[in-house]
Amino acid sequence: MATRALCAVCLGGMAVFAWAGEGKSMLPPPRHGGVYVVAHRGAHEGIPENSLPACQKAIELGVDFIEVDARQTRDGQFVNVHNSAVDAYAEGAAGAVRDLTLAELKALDIGTRVGPEWTGTRIPTVDEVLALCKGKVGIYMDFKEGSWEALLALVKRHGMEQQVLWYAPPWKLKKIREACPECIIMPDPGLEANLKPLLEEFRPKVVAAVWKHYSETFVKACHEAGAIVLVDERDPSCWEQALAWRSDGIQTDHPAELVALLKKRGRIQ
């Protein structure tokens, strides 16, 4: 039985592959050492998470994807907010994102809690994030809450159908793929026991995973099915172990550190 470690990376001989759909477009190869780097909530070490500055920093680091947490407001707008409620983000803030309007969310200062230099930083809309990232970096769309039709329409308005990886519940992924065959769905089986039926049902090109349900055999099964794996695990102590598993990407809170490691390994190899 394969032992479980802490994360995942490394492109197992599959530098490019056809997107889901008609297969006319190709996933760009990883920028660093054959490994896709996903910046969780942007590059937010010392920067407000999910903010435009965090996204800009991730772009400057040269990551492959920025993770975006999409939630819909009371008045139908999508914002990039991880938590379901805003209580932790600003002094005196309270309430669920879905119960607040965009204007109410934009009134919050999410920067002061991080440092005085970030005073006045605001919650960005997904529209603002897509405008910033288009043509520069991929989007790992963690679809938290809201209308899939509305979010898909927003992605289409930016012409980013093939720049976005969709992470969402299976029923939403089915709807998105039916409405947008060229879109890239990224199902997560949860337990490894669910992986085989998921691969058979969705035939995805990208699979998402979390480390507690992950193993070397998980990676092998995905590769044999023609899929790559992006794993959500943020402890840097796992990276060397994970590289040996021939995995394909890691979502991390420490993208600068991961990029530096991959650059170093590339020079050595």
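Reading the values: rules and limits
- Residues numbered from 1 in each chain as written.
- Predicted model: local features only at pLDDT ≥ 70, side-chain atom pairs only at ≥ 80, totals over all residues.
- Heavy atoms only, no water.
- Helix = DSSP H or I, 4+ residues; strand = E, 2+ residues; numbered from the N terminus.
- Buried < 20%, exposed > 50% of the residue type's maximum accessible area, 1.4 Å probe, protein only.
- Polar contact = N/O pair within 3.5 Å; in protein donor to acceptor, adjacent residues only side chain to side chain.
- Contact = heavy atoms within 4.5 Å.
- Phe/Tyr/Trp six-rings, centres within 6.5 Å; stacked < 30°, edge-to-face > 60°.
- Lys NZ or Arg CZ within 6 Å of the ring centre and 35° of its normal.
- Disulfide = S-S within 2.5 Å.
- 1 Å grid on protein atoms, 1.4 Å probe; cavity = no way out; pocket = protein on both sides within 12 Å on 5 of 7 lines; lining within 4 Å.
- Points joined across faces, edges and corners; volume = space filled by probe spheres on them.
- Nonpolar A, V, L, I, M, F, W, Y, C, P; charged D, E, K, R; others polar.
- Core = buried A, V, L, I, M, F, W, Y, C linked by side-chain atoms within 4.5 Å.
- Axes fitted to C-alpha atoms, helices over the stretch in contact; angles between N-to-C directions.
- Parallel < 35°, antiparallel > 145°, perpendicular 65-115°, else oblique.
- Left-handed = near helix turned anticlockwise from the far one by under 90°.

(A) A look at the side chain of His44. Along the chain, His44 turns up in the loop between strand 1 (36–39) and helix 1 (52–61). Judged by relative accessible area, His44 falls into the buried class, the value being 18%. A polar atom in the side chain of His44 sits 3.3 Å from the backbone oxygen of His40. If we ignore the near neighbours within four places in the chain, the residues touching His44 are Glu49, Ala54 and Asp253.

(B) View of the packing of aromatic side chains. This structure, assessed with the given rule, holds eight aromatic pairs. Ring geometry for Tyr214 against Trp245: centres 5.9 Å apart, planes inclined by 40°, an arrangement best described as tilted. With Tyr214 in the loop between strand 7 (206–210) and helix 7 (216–224) and Trp245 in the loop between helix 8 (239–243) and strand 9 (249–252), this pair connects stretches of sequence that are 31 residues apart. With respect to class, Tyr214 is no different from Trp245; both count as buried. Feature note: the residues Trp211, Tyr214, Phe218 and Trp245 constitute an aromatic cluster, connected by ring pairs. One Lys or Arg, Lys172, reaches over the ring of Phe143 and ends 3.8 Å from the middle of that ring.

(C) Highlighting the state of the cysteines. By the definition in use, this model includes one disulfide. Covalently, Cys180 is tied to Cys183 through a disulfide, its sulfur atoms 2.1 Å apart. Measuring handedness by torsion sign, the sulfur bridge of Cys180 and Cys183 sits at about 80° and is right-handed. Of the two residues examined, Cys180 and Cys183, each falls in the buried class.

(D) Expanded view of empty space enclosed by the protein. Inspection of the entire model under this criterion finds one cavity of 30 Å³ or more. Put simply, the largest cavity is a space of about 40 Å³. Every residue along the wall of the largest cavity is listed here: Glu49, Asn50, Asn80, Val81, Tyr89, Ile110 and Ile123. Per-class residue counts for the lining of the largest cavity are four nonpolar, two polar and one charged.

(E) Expanded view of the nonpolar core. Among the nonpolar cores identified, the biggest contains 59 residues, and Ile66, Val126, Ile139, Met141, Leu151, Trp166 and Tyr214 are the most heavily contacted of them. Of all hydrophobic cores here, the second largest spans 13 residues; its members include Val86, Tyr89, Val97 and Leu100.

(F) Molecular detail of the packing of helix 4 (residues 148–157) against helix 5 (residues 170–179). Two numbers describe how helix 4 lies on helix 5: the axes approach to 10 Å, and their chain directions differ by 45°. By the angle class used here, helix 4 and helix 5 are oblique. Judged by the twist between their axes, the crossing of helix 4 over helix 5 is right-handed. For the pair helix 4 and helix 5, the contacting residues are Trp148, Leu152 and Lys156 in the first and Trp171, Lys175, Ile176 and Ala179 in the second.

(G) Region of the structure containing the side chain of Thr101. Mapping Thr101 onto the fold places it in the loop between strand 3 (78–80) and helix 2 (102–106). Owing to a relative accessible area of 14%, Thr101 belongs among the buried residues under this scheme.

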